[in-house]
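Overview (structure and organization)
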Amino acid sequence: MQTQIPVDLLPVDGRFGSGPAKVRPDALDYLAIRGDVMGTSHRQAPVRDLVRVVQESLAELYRIPDGYEVVLGNGGSTLFWDMAVSSLIEKRSAHGVFGEFSRKFAKAAERAPHLEAPVVAEAEAGKVAVPSAVDGVDVYAWAQNETSTGAAAPVSRVGDGLVLIDATSAAGGMDAPIGDTDVYYFAPQKNFSSDGGLWLAFASPAAIERAERIKASGRWLPESLDFTVAVKNSRQHQTLNTPALATLLLLEDQLGWMLELGGIEAVAERCRESTSILYRWAEARDFASPFVAEPGDRSPVVATIDLADDVDAARVISILRENGIVDVDPYRALKRNQLRVGCYASVDPSDVEALTACLDYVIDAR
Ligand SMILES: *Cc1c(COP(=O)(O)O)cnc(C)c1O
């Protein structure tokens, strides 16, 4: 071992990934208790009840407006981009691009032969870009939290198109005015402390109406990318094809835990406390600084911390891993001497405090 960190400094749980992320041990216990549902039909009452509870709990957590629906399907947020390209963008989209995830959606729209080239408002990594209103644009898209850089953007209406918010790493850790969005979509492997594979979304009546109109227009639509099919199945508490039941069970448990904690405000406060510990720590060290310069743009759920050139982040990360503290690697494409710490809902702020003590120990002992 390169460096052994004294055990009394170590966090209780060393999982700080930005996705997938820590699953609460209690949720795993719940999974074992509900083991009787595993391996049973997703067309029968026990699984459909499970899906219904997930939908109702999400609606409660975000107090979604009347008329909005909780829609879900297989394939994660990445599939949802292709679904939006097929089934929600009519002619032209505009994208705020400020990191790798928001870029991927813009690229998917750019490649679609049936759409006009998207309008892209781009900001360099560490800053934030939100698209502005453009004539002829019918979808405005950006991420509430850019997981690749640790920058967070505001959520509000733009123009008169649909507003599609990628909340994959924000949902369950940041509040949002759902009524200012038409599709607020996410996946359960981040704040929701579950496994990957599903996408979930709050959809406005306008979004559903748009998908119906596009379908009626005769555009070729693969069934798995047809938003109206997902809506129809979700109304029956089902998915088009077989979902991972363990993912749903872990999600159900996490939602119950979040509501018991006090709902989205309480959970968001817990995440903000965790990331604040890291930002304050970095500001107080001469070898570290928050990567996102503008404090108002700093993510309350994923903290990115630059290290000075004479501190080798890769070595620090490898020492941490040997000591059971895992996944604080920066986003690979960013190629920075950086730490990226997922401070999602399940992460205990006291473990983040412990992480900073471990960082001091490893970096002083280098
Ligand atoms: C993780 C992440 C995705 C990708 O989610 P998948 O479910 O793996 O497709 C997309 N957008 C953001 C902002 C993310 O953090």
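None of the values given here were measured: they were computed from a predicted structure. (Residues numbered from 1 in each chain as written. Predicted model: local features only at pLDDT ≥ 70, side-chain atom pairs only at ≥ 80, totals over all residues. Heavy atoms only, no water.)

When helices and strands are tallied, the protein shows 10 helices and 12 strands. The C-alpha radius of gyration computed for the protein amounts to 21 Å, which stays within 12% of the reference 21 Å derived for 366 residues, consistent with globular compactness. Expressed as lengths along the three principal axes of its C-alpha atoms, the size of the protein is roughly 65 × 50 × 30 Å. Within the protein, the proportion of its 366 residues that are buried is 58%. (Helix = DSSP H or I, 4+ residues; strand = E, 2+ residues; numbered from the N terminus. Rg over C-alpha atoms; globule rule 2.2 N^0.38 Å. Buried < 20%, exposed > 50% of the residue type's maximum accessible area, 1.4 Å probe, protein only.)

Moving on to the domain arrangement of the protein. Put simply, an interface is often sized by how much accessible area is lost when its parts join up. Taken domain by domain, the protein comprises domain 1 (7-23 + 264-365) and domain 2 (25-259). For domain 1 versus domain 2, the distance between C-alpha centres works out to 27 Å. Roughly 2400 Å² is buried in total at the junction of domain 1 and domain 2, and carbon and sulfur atoms are behind 61% of that figure. Among the residues of domain 1 in contact with domain 2, Val23, Ile264 and Tyr331 are the three that bury the most area, contributing 28% of the side total. Inspection of the domain 1/domain 2 interface yields 1 salt bridge. The shortest N-O distance in the salt bridge between Arg63 and Glu265 comes to 3.1 Å. At the level of secondary structure, the elements contributing two or more residues to the side of domain 1 that touches domain 2 comprise α8 (264-283) and β11 (302-307). When residues of the side of domain 1 that touches domain 2 are assigned to their parent elements, the largest contribution, 7 residues, is made by α8. Among the residues forming the side of domain 1 that touches domain 2, the class breakdown is 18 nonpolar, 5 polar and 7 charged. (Domains from an automatic or database assignment. Buried area = accessible area lost by both parts, 1.4 Å probe. Salt bridge = Lys/Arg side-chain N within 4 Å of Asp/Glu carboxyl O. Nonpolar A, V, L, I, M, F, W, Y, C, P; charged D, E, K, R; others polar.)

Take the site of the ligand next. What surrounds the ligand is a group of 13 residues, the closest being Thr78, Thr147, Asp166, Gln189 and Lys190. Here an oxygen atom of the ligand and a side-chain polar atom of Thr78 are 2.6 Å apart. Side-chain polar atom of Thr168 to a nitrogen atom of the ligand: 3.4 Å apart, as the coordinates give it. Here the ligand loses 87% of its free accessible area of 390 Å² to cover by the protein chains. Residues of the shell around the ligand, tallied by class, amount to 3 nonpolar, 8 polar and 2 charged. (Near = heavy atom within 4 Å. Polar contact = N/O pair within 3.5 Å; in protein donor to acceptor, adjacent residues only side chain to side chain. Areas by Shrake-Rupley, 256 points an atom, 1.4 Å probe, with all protein chains shown as cover.)

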